[in-house]
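The lines below spell out each chain.
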Amino acid sequence: MAKTNPGRFFEDYSIGQVLHHAVPRTVTEGERALYHALYPARHALYSSDEFARSCGLPQSPIDDLAAFHVVFGKTVPDVSLNAVANLGYAEGRWLQPVYPGDTLRSESEVIGLKQNSNGKTGVVWVRTRGLNQRDEVVIEYVRWVMVRKSNFDVPAPETVLPDLKKALEPGDLVVPSGLDFSKYDFALAGEPHRWGDYQIGETIDHVDGVTVEEAEHMLATRLWQNTAKVHFDLTFRPDGRLIYGGHVISMARALSFNGLANAQMIVGLNGGAHANPCFAGDTIKAWSEVLDKAETGVPGVGAIRLRLVATKGGEPFALRGADGKYSPDVLLDLDYWALMPI
Amino acid sequence: MAKTNPGRFFEDYSIGQVLHHAVPRTVTEGERALYHALYPARHALYSSDEFARSCGLPQSPIDDLAAFHVVFGKTVPDVSLNAVANLGYAEGRWLQPVYPGDTLRSESEVIGLKQNSNGKTGVVWVRTRGLNQRDEVVIEYVRWVMVRKSNFDVPAPETVLPDLKKALEPGDLVVPSGLDFSKYDFALAGEPHRWGDYQIGETIDHVDGVTVEEAEHMLATRLWQNTAKVHFDLTFRPDGRLIYGGHVISMARALSFNGLANAQMIVGLNGGAHANPCFAGDTIKAWSEVLDKAETGVPGVGAIRLRLVATKGGEPFALRGADGKYSPDVLLDLDYWALMPI
Amino acid sequence: MAKTNPGRFFEDYSIGQVLHHAVPRTVTEGERALYHALYPARHALYSSDEFARSCGLPQSPIDDLAAFHVVFGKTVPDVSLNAVANLGYAEGRWLQPVYPGDTLRSESEVIGLKQNSNGKTGVVWVRTRGLNQRDEVVIEYVRWVMVRKSNFDVPAPETVLPDLKKALEPGDLVVPSGLDFSKYDFALAGEPHRWGDYQIGETIDHVDGVTVEEAEHMLATRLWQNTAKVHFDLTFRPDGRLIYGGHVISMARALSFNGLANAQMIVGLNGGAHANPCFAGDTIKAWSEVLDKAETGVPGVGAIRLRLVATKGGEPFALRGADGKYSPDVLLDLDYWALMPI
């Protein structure tokens, strides 16, 4: 009996199947410190316990994306070990903050299946939930991946395409219990721009850049216990270790502090595409576009919908070529909701 | 008076001498997080406080090898600063888990001496003990190193060869107080294979690989306060900084999760050889062989004796050439006991 | 309205202006562990909570230089984003230890201004204070930087040159409350040399070296939330990312353990020059010179004034050429006071 995990192939998934992912993880102040070493993260709510308390939280949460990466990492052995491509995200929600000492685990439900016409691959949609030690859902999101078939003789399953929202409605967003921006200190946060200062359609070049290194993306990806071979093994991937897409997301989000210092908490992930692969030596820069704004129902807390684009060169604000395809310099096109003092 | 540490030379050791190594170290959740960033560590008992509690422990211990590296690191300035080679390990035992907040220190007793026939070097055997802040021994092991003589005129000491066990007996192994696998969750742990599923002689290719980087091994080696020059100073070692053997051990052990996810706790080190040097750029892979199995006397807790081999290429399961020597691709040949749910 | 931070230019500073720097930071055991991974730090007071308690402190503080880097990092967006050069430090004092859980913020007062004769740049002196969550000053220091003018038409300000001490007097130094070396364990600390064993004028070659890597200095510099582009963006600095001067300071201080293991706490910074730029691939070594010694008024606690020189090659103790300029191999010339058991 082979004892290593071969991963799941397309024919191993069925609608309604629930995958209980392995290896729960306790996140601590160690993970928090490492996040600040790996990314130029400066959002004050995640940097200072005092600042977080002044905003009504008990202490600084673990960065929202760190929590996402931990939840995501657990799904890799069951969902994407044999994936050809990570195709998209939708309906991502942060339902409550994760604090040092919390223990996270993940489970995924198969909600969509579509075999490709070549008969060799198919697309699997899963809704993943991250739960804490009290079995409360802290994060949920849908992602879909293209997965290889192992046995081409297995007939195609009935196609089920999940009905996914193009973007979360403001009413879908959950403001963390107790969050209160009435004593928000803009000087300590680093910028004076409040929710009311941003216009739909406005674009922001975040100016700063980071040239990425092999050691860094591997440290990060291991920290999230993401084990996909392509990120670690140069003999498996002789053209270069592919950098985990989440590393690019976190880098771009951290760079976006410069212009969006008050977009404190990520509460919704509407969609995202890893437009081109990222390799060590690339210099990641970022720009944002304000896609929408909404009130949250909580006094003083506004929601801002942002496109976050990571690039490895080229001019800011150039997303697609004349052919409608992503420019070769674009690494990431992410669509998310964040909370900001009004 | 020269104030820097010249290290000890062969003639500075005598049988029965006890070396009290310097710089005690408090290990915390920071070290725990770094361990997970440096190695693809996924054994659930060390990843989740909740999982550890479900196994009868108060929380996740610091990884057994991290504790070993801290204890080992302290011995370097007194034992191996002038070492030509690290020759072997024996009779290593983990006597109790190390938890975040514990403070470790080390002491070593010289138990063997043998001058080499060239008169310029000799072999020193030490039994090292790692103690916590309550002066309880948490780890003990024997290692022997070849050390240079400084003054060739000093006569050779009487040869004393310690009587070392080829392998620990099952009765030598200490099961941590309270350890209880009766509620062990195999799904959360990541694999269904229990102690009874492994056969003596069985081999497991752990499949995954990690291409190692300079920054990573230096971060690790410094974290354990191991100061041997060869790991850090390229001007001292122009052919390449030699990667600390413990880095290879930890990498291989972490990779062995894939196939040995339930070999949770390391309790015995029977022996080990760093067969060939490891350098940045090498891709470390690992395979294991089941050497023995034993009951521990604690219901539900089995002991499994494993050979863990780290390679930098080549085929799995090829250990030695026709000449009986280690294959040039073999980095590590380690023999240890681990605890597993029966 | 542009939302990113353009930084301040020379004409934006005025005498008496107080800059409240953004993004407070809670430092934890995670930062402490990372400090030990990034630098070969072994001073026992910072390594072991038990050792710190035996010296009268409640637990190990965060390394004095880590605290300095956090305080310094906050000033970068307001002080040195448009700096041409970091010219010097003076009157640096550590007023109380920083412990895991403390939250630091920084503020700077402009105390000196002098436009250069070219009309395009000027020198700004600021006195920076790092405060904890109780609004107690934990660190203060003066630094001066050369900053670009943006609008050359703005007239030069009146020149104000602050009156700075060449070196702190012993009476300026603050011994942490409760510090008591009467039970100091020299064996655990790693060296027998006490304050009385050092002579003014004595020089010490610290022997060890570390070849530095891109990933490491970027991890460190991000950890201190220092965002200066030159450290991260190879497209901005095609000749190589300039390593943050504080990384060199910490590396050299850690290397100085070998010969100065009992120079436990840094309490004063008299001055410092980053003599030449440091790049990845350089091998940092260090030597020290005893500049002065003084009693502190606290029984058993002596102060030692040290020159700490970091080099990237060359012979120890060679500081300047015949022309009086720093040798091209010298990276750092730092002048500080430390506390030592008498």
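Here the structure is a predicted model, which means the values were calculated and not measured.

Parameters at a glance
Residues numbered from 1 in each chain as written. Chains lettered and ligands numbered in written order. Predicted model: local features only at pLDDT ≥ 70, side-chain atom pairs only at ≥ 80, totals over all residues. Heavy atoms only, no water. Helix = DSSP H or I, 4+ residues; strand = E, 2+ residues; numbered from the N terminus. Rg over C-alpha atoms; globule rule 2.2 N^0.38 Å. Buried < 20%, exposed > 50% of the residue type's maximum accessible area, 1.4 Å probe, protein only. Contact = heavy atoms within 4.5 Å. Areas by Shrake-Rupley, 256 points an atom, 1.4 Å probe, with all protein chains shown as cover. Axes fitted to C-alpha atoms, helices over the stretch in contact; angles between N-to-C directions. Parallel < 35°, antiparallel > 145°, perpendicular 65-115°, else oblique. Left-handed = near helix turned anticlockwise from the far one by under 90°. Least-squares fit on C-alpha atoms with pLDDT ≥ 70 in both. Salt bridge = Lys/Arg side-chain N within 4 Å of Asp/Glu carboxyl O. Buried area = accessible area lost by both parts, 1.4 Å probe. Polar contact = N/O pair within 3.5 Å; in protein donor to acceptor, adjacent residues only side chain to side chain. Phe/Tyr/Trp six-rings, centres within 6.5 Å; stacked < 30°, edge-to-face > 60°. Lys NZ or Arg CZ within 6 Å of the ring centre and 35° of its normal.

A closer look at the overall build of chain A
Looking only at helices and strands, chain A features eight helices and 11 strands. Compactness check: chain A gives a C-alpha radius of gyration of 20 Å against a globular reference of 20 Å for 342 residues, within 12% of the reference. Counting only C-alpha atoms and orienting by the principal axes, one finds that chain A spans roughly 65 × 50 × 40 Å. Out of the 342 residues in chain A, the part that is buried amounts to 63%. Long-range pairs, those at least 24 residues apart, make up 77% of the contacts in chain A with a sequence separation of at least 6. Just so you have it, chain A exposes about 11,400 Å², and 50% of that area is on carbon and sulfur atoms.

Quick word on the packing of helix α1 (residues 29-38) of chain A against helix α6 (residues 214-223) of chain A
All names here are of chain A. Where α1 contacts α6, the two axes come as close as 11 Å, and the packing angle between them is 155°. Considering the angle they form, α1 stands roughly antiparallel to α6. The element α1 and its partner α6 pack so that their crossing is left-handed. The residues of α6 that touch α1, namely those facing Glu31, Leu34 and Leu38, are Glu216, Leu219, Ala220 and Leu223.

As for the relation of the copies chain A and chain C
Structural alignment of chain A on chain C gives an RMSD of 0.0 Å, achieved by rotating through 120° and translating 0.0 Å along the axis. The two molecules are tied by a three-fold rotation axis, judged by turn and shift. For chain A, the smallest separation between a C-alpha atom and the rotation axis is recorded for Gly30 of chain A, amounting to 2.3 Å.

Section: the relation of the copies chain A and chain B
When chain A is fitted to chain B, the residual RMSD is 0.0 Å, and the transformation amounts to a turn of 120° plus an axial shift of 0.0 Å. When the interface residues of chain A are mapped onto chain B, a mere 15% of them again fall at the interface, so the copies present different faces.

Thoughts on the pattern of salt bridges
Taken as a whole and judged by the stated rule, the model has 60 salt bridges over all chains. Between Arg129 of chain B and Glu140 of chain B there is a salt bridge, with its nearest N and O atoms 4.0 Å apart. Highlighted residues: Arg129 of chain B in strand β5 (residues 121-131) and Glu140 of chain B in strand β6 (residues 137-148), separated in sequence by 11 residues. A residue is classified by how much of its surface remains accessible, and Arg129 of chain B, at 23% relative accessible area, is partly exposed. A salt bridge links Glu213 of chain C to Arg241 of chain B, with the shortest nitrogen-to-oxygen separation between them at 2.6 Å.

Points about the interface of chain A and chain B
Contacts between the two partners involve 34 residues from chain A and, on the opposite side, 44 residues from chain B. Carbon and sulfur atoms make up 59% of the surface buried where chain A meets chain B, a total of about 3,000 Å² over both sides. Where chain A packs against chain B, one counts four salt bridges. As a salt-bridge pair, Asp233 of chain A and Lys285 of chain B come within 3.7 Å of each other at their nearest N and O atoms. For the pair chain A and chain B, the number of links is 17 residue pairs in polar contact (both at pLDDT 80 or more). Of all the secondary-structure elements, those providing two or more residues to the side of chain A that touches chain B are β2 (25-26), α1, β4 (103-115) and α6 of chain A.

Let's talk about the environment of Glu91 of chain B
Residues and elements named next belong to chain B. Within the secondary structure, Glu91 is located in strand β3 (residues 83-94). What makes Glu91 buried here is its relative accessible area of 11%. Between the C-alpha atom of Glu91 and that of Lys325, which follows or precedes it by 234 residues, the distance is 24 Å. Residues within four places of Glu91 in sequence aside, it is in contact with Arg127, Glu140, Tyr141, Val142, Asp163, Leu164, Lys165, Leu168, Leu269 and Asn270. Reaching out from Glu91, the side chain makes a polar contact with the backbone nitrogen of Lys165 at a distance of 2.8 Å.

Focus: the interface of chain A and chain C
If you look at the interface, chain A gives 45 residues, while chain C gives 34 residues. Interface of chain A and chain C: buried area, both sides summed, is about 3,000 Å²; carbon and sulfur atoms make up 60% of it. On the chain A side of the contact with chain C, Ala37, Arg42 and Leu188 of chain A bury the most area, a combined 18% of that side's loss. Between the two partners, chain A and chain C, sit four salt bridges.

Here we look at the packing of aromatic side chains
The description of an aromatic ring pair rests on the distance of the ring centres and on the angle between the ring planes. Scanning all chains against the criterion turns up 39 aromatic pairs over all chains. Ring plane angle 50° and centroid distance 4.8 Å describe the contact between Tyr35 of chain A and Tyr39 of chain A, whose orientation is recorded as tilted. An identical accessibility class is assigned to Tyr35 of chain A and Tyr39 of chain A; each is buried. When the ring centre of Tyr326 of chain A is taken as origin, the NZ or CZ atom of Arg320 of chain A, which lies over that ring, is 4.1 Å away. Here the guanidinium or amino end of Lys293 of chain C rests over the ring plane of Trp195 of chain C, the centre of that ring lying 4.4 Å away.

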